[in-house]
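Chain by chain, the residues:
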Amino acid sequence: MYFLITAAHRPPIPISTLLQDELMRPLVQAGVIAMVSALVIGFFIAEWITQPLQEISSAAEKIPERKYQEIPIKGPSEVRNLARTINEMNRQVNNAIQAQQDFVANVSHEFKTPLTSIQGFAHAIHEGAVEAEDQQKRAAGIILEETERLNHLVSDLLTLAKLDSGVIEMEMQKIDPTALIENILERMQFQIREKDLAVKKDFSMNLNISADADKIDRLFSNLIDNAIKFTETGGEIFISIDCLDKKVVIKIADTGPGIPKHELERIFERFYQVDKSRRGDQGRGVGLGLVIANEIAKSHGGSIEVQSELGMGSTFMVKLPSENEKDQQQSH
Ligand code: ADP
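Residues numbered from 1 in each chain as written. Predicted model: local features only at pLDDT ≥ 70, side-chain atom pairs only at ≥ 80, totals over all residues. Heavy atoms only, no water.

**Thoughts on the pairing of strand β6 (residues 303–309)**
Part 1 of the reasoning: Here β6 shows one buried face, formed by I304, V306 and S308, and one open face, formed by S303, E305, Q307 and E309.
Part 2 of the reasoning: Judged from the seven bridges that link them, β6 and strand β7 (residues 313–321) form a sheet pairing that is antiparallel. Within β7, the residue paired with E309 across the bridge is G313. (Buried < 20%, exposed > 50% of the residue type's maximum accessible area, 1.4 Å probe, protein only. Helix = DSSP H or I, 4+ residues; strand = E, 2+ residues; numbered from the N terminus. Pairing = 2+ DSSP bridges.)

**Considering the pattern of salt bridges**
Part 1 of the reasoning: Evaluation of the coordinates by the stated rule reveals 15 salt bridges.
Part 2 of the reasoning: K67 is the partner of E65 in a salt bridge, and the nearest nitrogen-oxygen pair spans 3.9 Å.
Part 3 of the reasoning: Note on K67: relative accessible area 54%, which makes it exposed.
Part 4 of the reasoning: With a shortest N-O distance of 3.3 Å, R91 and E70 are connected by a salt bridge. Placement of R91 in helix α3 (residues 77–126) and of E70 in the loop between α2 (24–61) and α3 is noted, with a sequence separation of 21 residues between them.
Part 5 of the reasoning: In this structure R91 comes out as partly exposed when scored by relative accessible area, which is 37%.
Part 6 of the reasoning: The partly exposed category is assigned to E70, whose relative accessible area is 48%.
Part 7 of the reasoning: Salt bridges here are not isolated pairs; linked through shared partners, they connect E70, E88 and R91. (Salt bridge = Lys/Arg side-chain N within 4 Å of Asp/Glu carboxyl O.)

**Description of the domain arrangement of the chain**
Part 1 of the reasoning: You can read the domains of the chain as domain 1 (23–168) and domain 2 (172–274 + 283–331).
Part 2 of the reasoning: Averaged C-alpha coordinates put domain 1 and domain 2 at centres separated by 32 Å.
Part 3 of the reasoning: Across the contact, 14 residues belong to domain 1 and 13 residues belong to domain 2.
Part 4 of the reasoning: Approximately 1,200 Å² of surface area, both sides summed, lies buried where domain 1 meets domain 2, with 67% of it carried by carbon and sulfur atoms.
Part 5 of the reasoning: Contact with domain 2 buries surface across domain 1, with D156, L160 and L163 losing the most and accounting together for 38% of the total.
Part 6 of the reasoning: Put simply, domain 1 and domain 2 have two salt bridges between them.
Part 7 of the reasoning: Between R218 and D156 there is a salt bridge, and its shortest N-O distance comes to 2.3 Å.
Part 8 of the reasoning: Applying the counting criterion to the domain 1 and domain 2 interface returns three residue pairs in polar contact (both at pLDDT 80 or more).
Part 9 of the reasoning: Listed by contribution, the elements that provide at least two residues to the side of domain 1 that touches domain 2 are α3 and α4 (133–165).
Part 10 of the reasoning: At nine residues, α4 tops the list of elements feeding residues into the side of domain 1 that touches domain 2.
Part 11 of the reasoning: A class-by-class count of the residues in the side of domain 1 that touches domain 2 yields seven nonpolar, three polar and four charged. (Domains from an automatic or database assignment. Contact = heavy atoms within 4.5 Å. Buried area = accessible area lost by both parts, 1.4 Å probe. Polar contact = N/O pair within 3.5 Å; in protein donor to acceptor, adjacent residues only side chain to side chain. Nonpolar A, V, L, I, M, F, W, Y, C, P; charged D, E, K, R; others polar.)

**Thoughts on the confidence of the model for the chain**
Part 1 of the reasoning: Scored by pLDDT, the chain comes out at a mean of 88, with 95% of its residues at no less than 70.
Part 2 of the reasoning: Within the chain, no element has a lower average pLDDT than helix α9 (residues 323–331), which sits at 55, and none a higher one than β7, at 97. (pLDDT = per-residue confidence, 0-100.)

**As for the packing of aromatic side chains**
Ring pairs (aromatic) are described by centroid distance and by the angle formed between their planes.
Part 1 of the reasoning: Taken as a whole and assessed by the stated rule, the structure comprises two aromatic pairs.
Part 2 of the reasoning: Considering the side-chain rings of F43 and F44, the 5.6 Å spacing of their centres and the 75 degrees angle between planes classify their relative orientation as edge-to-face.
Part 3 of the reasoning: When its relative accessible area of 52% is taken as the criterion, F43 is described as exposed.
Part 4 of the reasoning: Aromatic pair F103 and F271: ring centres 5.6 Å apart, planes at 55 degrees, arrangement tilted. (Phe/Tyr/Trp six-rings, centres within 6.5 Å; stacked < 30°, edge-to-face > 60°.)

**A short note on the sheet that holds β6**
Part 1 of the reasoning: On the basis of which strands lie adjacent, the open sheet formed by five strands has the order β2-β4-β5-β7-β6 and mixed pairing. Since the sheet does not close on itself, it has two edges, and those belong to β2 (198–202) and β6, each with one partner. Within the sheet, the average angular offset between the axes of one strand and its neighbour, ignoring direction, is 15 degrees.
Part 2 of the reasoning: Where helix α8 (residues 289–299) meets the sheet, its contacts fall on β6 and β7, and the angle it forms with β6 comes to roughly 135 degrees. (Axes fitted to C-alpha atoms, helices over the stretch in contact; angles between N-to-C directions.)

**Description of the site of the ligand**
Part 1 of the reasoning: Surveying the vicinity of the ligand reveals 17 residues, the closest of which are N226, K229, D254, Q273 and L290.
Part 2 of the reasoning: At a separation of 2.8 Å, an oxygen atom of the ligand approaches a polar side-chain atom of N226.
Part 3 of the reasoning: In the environment of the ligand, an oxygen atom lies 3.0 Å from a nitrogen or oxygen atom belonging to the backbone of V286.
Part 4 of the reasoning: Its free accessible area being 530 Å², the ligand has 98% of it covered by the protein chains.
Part 5 of the reasoning: At the level of secondary structure, the elements contributing two or more residues to the shell around the ligand comprise α7 (213–230), α8 and β7.
Part 6 of the reasoning: Looking at which element gives the most residues to the shell around the ligand, the answer is α7, with three residues.
Part 7 of the reasoning: Among the residues making up the shell around the ligand, the classes are represented as nine nonpolar, six polar and two charged. (Near = heavy atom within 4 Å. Areas by Shrake-Rupley, 256 points an atom, 1.4 Å probe, with all protein chains shown as cover.)

**Structural notes on the side chain of K215**
Part 1 of the reasoning: If you trace the backbone, K215 turns up in helix α7.
Part 2 of the reasoning: The class of K215 is buried, set by a relative accessible area of 16%.
Part 3 of the reasoning: Non-local contacts of K215, meaning those with residues more than four positions away in its chain, are made with I168, E169, M170, I296 and H300.

Quick look at the structure:
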């Protein structure tokens with residue numbers, strides 16, 4: 001079987017003939033409709049995306065002036081996420097600014113009270129208003145006490161600033177918590193005896209921690225000082241050292257006034273005091289002791305938890321990684 005293939009030149013079809021073709025009209029109509037629809041849909045999609053973006057942009061411009069208003073969550077999911085992130089960022093910036101303002105107000109207040117007292121007594125002595133020797137002694141005693149209070153406050157603020165900056169130097173060494181606590185109790189024995197407090201101990205566990213000696217001393221001094229300060233004369237303090245989930249757990253419990261449940265979270269906030277009128281003995285403390293203790297615990301990879309009931313006393317539980325556990329991890 002044979003095929004014969006031939007090729008012939010196709011005469012060109014003029015444009016006018018093409019336009020007269022009966023298929024041409026519906027084709028052009030369909031094209032125009034498609035183009036208009038594409039333009040309309042494109043316009044709405046662009047609006048859907050750009051309008052919330054414009055809102056985000058103008059809201060962000062107002063952040064430095066602190067006139068920011070919450071951005072409504074709308075548009076495609078990426079734009080909604082962006083709006084949520086910027087809203088959250090603004091909330092955090094506001095909280096930080098508020099915390100900074102509160103901090104300055106609190107610091108000024110804590111400085112002002114002792115300074116006013118020092119100024120008052122120094123002025124009275126200078127004016128010759130305090131003549132009797134015992135009165136002079138009393139005035140000098142108050143000036144000394146208030147100066148100590150200011151000294152303590154400045155030292156707390158410096159420690160806190162260093163801990164905040166995250167550049168605090170840590171000189172880690174192996175520490176026996178039993179010796180550490182015994183040492184602190186020895187230093188505080190005067191206050192303990194003065195208040196006739198019974199100190200009970202359960203140091204059965206022989207564990208070591210890896211810590212910076214000065215800082216860890218500060219942590220436990222603050223907690224034990226609070227236990228002594230807030231416990232009534234004749235009360236009891238119980239300190240135990242234990243091991244739980246490969247952590248060294250040191251508990252400091254007291255039979256003091258306790259802390260209301262809703263205030264438990266807040267006692268770790270700067271300058272927070274449950275009851276300013278109940279500052280413990282001699283009005284010591286400004287509400288920075290627990291903040292510092294908590295920051296020190298965190299910088300050692302540990303934590304502080306508190307359990308307390310009003311009228312029943314409080315228990316502060318410090319958890320720190322055990323040195324023995326670290327040794328084991330290193331040998332694996
Ligand atoms: P302060 O300098 O007032 O002692 P802290 O930061 O050490 O500051 O403690 C904050 C507040 O927590 C205290 O003012 C007190 O109200 C409460 N608090 C801390 N420890 C105890 C405790 N052991 N018993 C009762 N209240 C306590």
